[in-house]
Amino acid sequence: ASYVRSSPTTPPVLATPPQDRTAIASENVLWDELELMHHFSTVTYATMANRDDICRMWQIQVPRMALKKKYLMHSIFSVAALHMGHVYPESQSLYIDRAIRYHNMALQEFSLELQSITQENSTSLFTCATLTILFAFSLAMLRPHEEPIRPIEELLGIFTLLRGVPLVVGEMWYWVRDSEIAPLFAGRELDDSIVLSDDVTNAIKLLEDRNERVAKSGSERQTYTLAIQGLKNCFKLRSEERRVGKE
């Protein structure tokens, strides 16, 4: 028998498939979101309260809730991105753009969910509303202004953004007080004897006067009245926390 030695064959060249730009973009978004969630659950959460139980709520319960509600997840991303813009000022504009993009996505989904408030979705809606308030004030302090904006005008812009949040709070108050975010309400009783500083009192008065003059309807005026009262209560709570901290 004769055997013919075959020459070694050249291994086939693997063809590189053309890159799918959509797939690449999706992968980039995924990595962005992983970065933002990691930052929120390892860094940002610790800046959102001065009590351990509330910090744990933001770190553990809220991200777990967000797994079921996209608008809450996008709201978390928006706040985390703003905080990263503060931590990494050299990339601030990039993170602000990212924060606004996720915030807009959250608001669209949030507005749809508001059409049907139930006990089941009330906690996620309330938490998203809370993050929206945090986003609004953080953005006002972080974003660069080409022209200086007076604080009162900045506050009016924030209240325009938060229009409707008091309605959310009113309808679900009793549900959320006994939910996963119950720590937010513990120890928050207001002391009517607290006197605010003159600058805060004057700013609140300006907001109230502006509301009376420019509100287009009774319902709009009531919405802003509730929002202004909520802001006033926040200042009182903060004043009380500072007083207790000095004792």
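Quick note: structure is the one above.
Residues numbered from 1 in each chain as written. Predicted model: local features only at pLDDT ≥ 70, side-chain atom pairs only at ≥ 80, totals over all residues. Heavy atoms only, no water.

J.: Explanation requested: the packing of helix α3 (residues 70-87) against helix α5 (residues 119-142) in the structure shown.
T.: To describe two helices that pack against each other, one gives the angle between their axes and the distance between the axes. Look at α3 against α5: their axes get within 9 Å of each other, and the N-to-C directions meet at 25°. In terms of orientation, α3 and α5 fall into the roughly parallel class. Crossing handedness for the pair α3 and α5: left-handed. Where α3 abuts α5, its residues Y71, L72, S75, I76, S78, V79, L82, G85 and H86 lie against N121, S124, L125, T127, C128, L131, T132, L134, F135, S138, L139 and L142. (Axes fitted to C-alpha atoms, helices over the stretch in contact; angles between N-to-C directions. Helix = DSSP H or I, 4+ residues; strand = E, 2+ residues; numbered from the N terminus. Parallel < 35°, antiparallel > 145°, perpendicular 65-115°, else oblique. Left-handed = near helix turned anticlockwise from the far one by under 90°. Contact = heavy atoms within 4.5 Å.)

J.: Just checking my understanding: could you explain a nonpolar patch on the surface for this structure?
T.: Residues L30, W31 and L34 make up a contiguous nonpolar surface patch of about 340 Å² in total accessible area. Note that L34 resides in helix α1 (residues 21-42). (Patch = residues over 30% accessible without salt bridge, like charges linked within 9 Å, V, L, I, M, F, W, Y side chains within 5 Å. Areas by Shrake-Rupley, 256 points an atom, 1.4 Å probe, with all protein chains shown as cover. Salt bridge = Lys/Arg side-chain N within 4 Å of Asp/Glu carboxyl O.)

J.: How should the nonpolar core be read in this particular structure?
T.: Note that soluble globular proteins tend to have their nonpolar side chains buried in a common cluster. Counting residues in each nonpolar core, the largest one holds 39 residues, and the members touching the most others are W58, I181 and L184. Top element by residues in this core is α3. It accounts for 10 residues. Other than its neighbours up to four places away in sequence, L184 contacts I54, M57, W58 and F126. Counting residues in each nonpolar core, the second largest holds 6 residues, with L196, L207, I228 and L231 among its members. (Core = buried A, V, L, I, M, F, W, Y, C linked by side-chain atoms within 4.5 Å. Buried < 20%, exposed > 50% of the residue type's maximum accessible area, 1.4 Å probe, protein only.)

J.: So what exactly am I meant to see when it comes to the packing of aromatic side chains here?
T.: Two measures describe an aromatic ring pair: the distance that separates the ring centres and the angle between the ring planes. A full pass over the atoms with the stated rule returns 3 aromatic pairs. Note that R101 overlies the ring of Y102, its terminal NZ or CZ placed 5.3 Å from the centroid. (Phe/Tyr/Trp six-rings, centres within 6.5 Å; stacked < 30°, edge-to-face > 60°. Lys NZ or Arg CZ within 6 Å of the ring centre and 35° of its normal.)

J.: Is there a simple way to explain the packing of helix α2 (residues 52-66) against α3 in this structure?
T.: Orientation of α2 relative to α3, taken along the N-to-C sense of each, is 130°, at an axis distance of 7 Å. In terms of orientation, α2 lies oblique with respect to α3. Contacts between α2 and α3 involve V62, P63, M65 and A66 from the former and K70, L72, M73 and I76 from the latter. Looking at the contact of α2 with α3, its residues break down into 7 nonpolar, no polar and 1 charged. (Nonpolar A, V, L, I, M, F, W, Y, C, P; charged D, E, K, R; others polar.)

J.: How should the environment of K232 be read in this particular structure?
T.: Tracing the backbone shows K232 in helix α9 (residues 218-246). Owing to a relative accessible area of 27%, K232 belongs among the partly exposed residues under this scheme. Along the sequence, K232 and I204 sit 28 residues apart, while their C-alpha atoms lie 7.1 Å from each other. Those residues in contact with K232 that lie beyond four places of it in its chain are L196 and I204.

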